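If you want the building blocks of each chain, they are given just below.
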Amino acid sequence: MESLFKKNVLIVGATGGIGSEVARLMKNSLANVFLTGRNGAALQKLASELAIPSSQVFEMDITNAAAVEATAQKIHEQISVLDILINAAGIGIIRPLEKLTYEDFDRSIDVNLKGSFYLFKSFLPAMKAVKKGLVINMPGVLSKTPMAGASAYSASKYGLNGLTKSIREELKRTNVRITNIYLGGVDTPFWDEIDLRVQKNKFITQKEAAKSVWFLCQQPRSGVVSEMIIQPFNHQAI
Ligand SMILES: NC(=O)c1ccc[n+]([C@@H]2O[C@H](COP(=O)([O-])OP(=O)(O)OC[C@H]3O[C@@H](n4cnc5c(N)ncnc54)[C@H](OP(=O)(O)O)[C@@H]3O)[C@@H](O)[C@H]2O)c1
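As the structure is a prediction and not an experimental result, all values here were calculated from the model. All chains use their own residue numbering, which begins from 1 and follows the written sequence. Confidence filtering applies because this is a predicted model: local features only for residues at pLDDT of at least 70, side-chain atom pairs given and counted only at 80 or more, and all residues used for totals across whole chains, interfaces and linings. Heavy atoms throughout the structure, all of them, feed into the side-chain values; hydrogens and water do not.

Trainee: Before we move on, can you summarise the overall build of the protein chain with the specific residues and values?
Mentor: Where helices and strands are cited, they refer to DSSP runs of H or I of at least four residues and of E of at least two residues respectively, numbered from the N terminus. Looking only at helices and strands, one finds six helices and nine strands in the protein chain. Summarising its shape, the C-alpha atoms of the protein chain cover approximately 50 × 40 × 35 Å along the three principal directions. When accessible area is computed with a 1.4 Å probe and restricted to protein chains, residues below 20% of their type maximum are described as buried, those above 50% as exposed, and intermediate ones as partly exposed. Of all 238 residues assigned to the protein chain, the portion counted as buried reaches 52%. Long-range contacts, defined here as pairs at least 24 residues apart, represent 67% of the contacts in the protein chain between residues at least 6 apart. The contact definition used throughout considers only heavy atoms, calling two residues in contact when any of these lie within 4.5 Å.

Trainee: I'd like a rundown of the site of the ligand, residues and numbers included.
Mentor: Looking at the ligand, there are 29 residues lining it, with T15, N39, Y153, V186 and T188 nearest. In the environment of the ligand, an oxygen atom lies 2.7 Å from a nitrogen or oxygen atom belonging to the backbone of V186. Out of a free accessible area of 890 Å², the ligand has 92% covered by protein chains. Going through the elements one at a time, helix 1 (17-28) and helix 5 (151-170) are the ones with two or more residues in the shell around the ligand. Think of it as three bins: nonpolar holds Ala, Val, Leu, Ile, Met, Phe, Trp, Tyr, Cys and Pro, charged holds Asp, Glu, Lys and Arg, and polar takes everything else, Gly as well. For the shell around the ligand, the per-class residue count stands at 14 nonpolar, 12 polar and three charged. Nearness of a residue to a molecule or strand requires only that one of the residue's heavy atoms be within 4 Å of it. Polar contacts here mean pairs of N or O atoms no more than 3.5 Å apart (in protein, one a potential hydrogen donor and the other a potential acceptor; neighbouring residues in sequence count only if both atoms are side-chain atoms). A 1.4 Å probe and the Shrake-Rupley method give the accessible areas. Residues count as covered only by the protein chains that appear here.

Trainee: Outline helix 4 (residues 102-130), listing residues and values.
Mentor: The length a helix should cover is 1.5 Å for every residue beyond the first. When the terminal C-alpha atoms of helix 4 are compared, their 41 Å separation across 29 residues agrees well with the 42 Å that a helix rising 1.5 Å per residue should span. The seven residues ending at a residue and the seven starting there each receive a fitted axis; the angle between those axes is the bend at that residue. Of all the bends in helix 4, the greatest reaches close to 40° and is centred on L124; the proline P125 follows between one and four positions later. Positive backbone phi, at 55°, marks K131, one or two positions downstream of helix 4.

Trainee: Account for unusual backbone geometry, naming residues and giving values.
Mentor: If you check the backbone angles, A51 has positive phi at about 55° while not being a glycine. Along the chain, A51 turns up in the loop between helix 2 (40-49) and strand 3 (57-59). A residue is classified by how much of its surface remains accessible, and A51, at 58% relative accessible area, is exposed.

Trainee: Describe the packing of helix 1 against helix 6 (residues 206-216), listing the residues and the values that go with them.
Mentor: Remark: helix 1 packs on helix 6, axes separated minimally by 8 Å, with the N-to-C direction vectors making an angle of 55°. Comparing the axis directions of helix 1 and helix 6 gives the class oblique. By crossing handedness, the relation of helix 1 to helix 6 is classed as right-handed. Of helix 6, the residues touching helix 1 (which contributes G17, I18, E21, V22, L25 and M26) are Q206, K207, A209, A210, K211, V213 and W214. Residue composition of the contact of helix 1 with helix 6, by class: eight nonpolar, two polar and three charged. Think of each axis as a best-fit line through the C-alpha atoms, taken over the contacting stretch in the case of a helix, with angles from 0 to 180 degrees between the N-to-C directions. Each angle is binned into one of four classes, with values under 35 degrees roughly parallel, values over 145 roughly antiparallel, values of 65 to 115 roughly perpendicular, and all other values oblique. Less than a right angle of anticlockwise turn of the near helix away from the far helix marks a crossing as left-handed, whereas a clockwise turn marks it as right-handed.

Trainee: Tell me what's going on with the packing of aromatic side chains, and back it up with residues and numbers.
Mentor: Any two rings among Phe, Tyr and Trp, with Trp reduced to its six-membered ring, count as a pair given centres within 6.5 Å; such a pair is stacked if its planes are under 30 degrees apart, edge-to-face if over 60, and tilted if neither. With the rule as written, the count across this model stands at four aromatic pairs. Ring geometry for Y153 against F190: centres 5.6 Å apart, planes inclined by 65°, an arrangement best described as edge-to-face. Taken as a pair, Y153 in helix 5 and F190 in the loop between strand 7 (186-187) and strand 8 (204-205) lie far apart in primary sequence, 37 residues in all. For Y153, a relative accessible area of 8% gives the class buried. When its relative accessible area of 28% is taken as the criterion, F190 is described as partly exposed. With a centroid separation of 5.2 Å and 55° between ring planes, the pair formed by W191 and F203 is classed as tilted. Note that W191 is positioned in the loop between strand 7 and strand 8 and F203 in the loop between strand 7 and strand 8, a separation of 12 residues in sequence. Residue classification places W191 among the buried positions, given a relative accessible area of 13%.

Shown next as structure tokens:
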């Protein structure tokens, strides 16, 4: 296993259920942790819980390309390159077509797909230059298997799958690794606004989901874990 000691790790979406637990695990492993989130108050609360200096904490809307670039610049002024980028930002708008608005669709693509593209554009060149780094994305099982009502979400996440797989081809001559983790239902605030009867008590816990990300971050550099699929027992789809 690779040690996380002093590794420069950025968690995007650190205010979320999975992201915040990953941040705690990274801090416990003595990584040098950088946090971003959209909700300033939640971000500050987490930063003070984990004693992360304010210079390493950034309020950032992932749909704003200029803001993502500015954050990357500020981070690169401090450390020149990230060892690990964890993209744990995302939204879930799950509604049947007749209830899905144009805005819902745009927002799904803006956050889940275009936001991820902005992260790649802003952080990958520095990794490519030093020929090392790891990016972890969370397309989820709904980027592999369709579900009724998930057209906007799946469109954005199937897109993320295509984006990452194609970029992975471009990285073949470097040691920059991209891992996609395909989680089934995880009990996080992600589901709070979703009007669907789900059995959250049978979901993966956010702590366990975060542990799988933390585990992936420690995989030896000689190999690439391209994909990992984790689902609740009774929700296995693929
Ligand atoms: N929960 C599941 O069942 C599940 C399953 C498979 C895959 N996933 C994926 O896993 C990732 C994390 O999900 P989660 O369950 O931890 O969800 P969550 O608790 O709802 O957290 C989502 C995170 O995304 C951030 N975010 C949303 N819109 C943003 C924007 N415009 N700019 C910047 N950040 C934004 C949120 O920031 P603020 O709170 O600061 O706004 C929050 O930190 C997502 O990509 C999700 O699609 C989740």
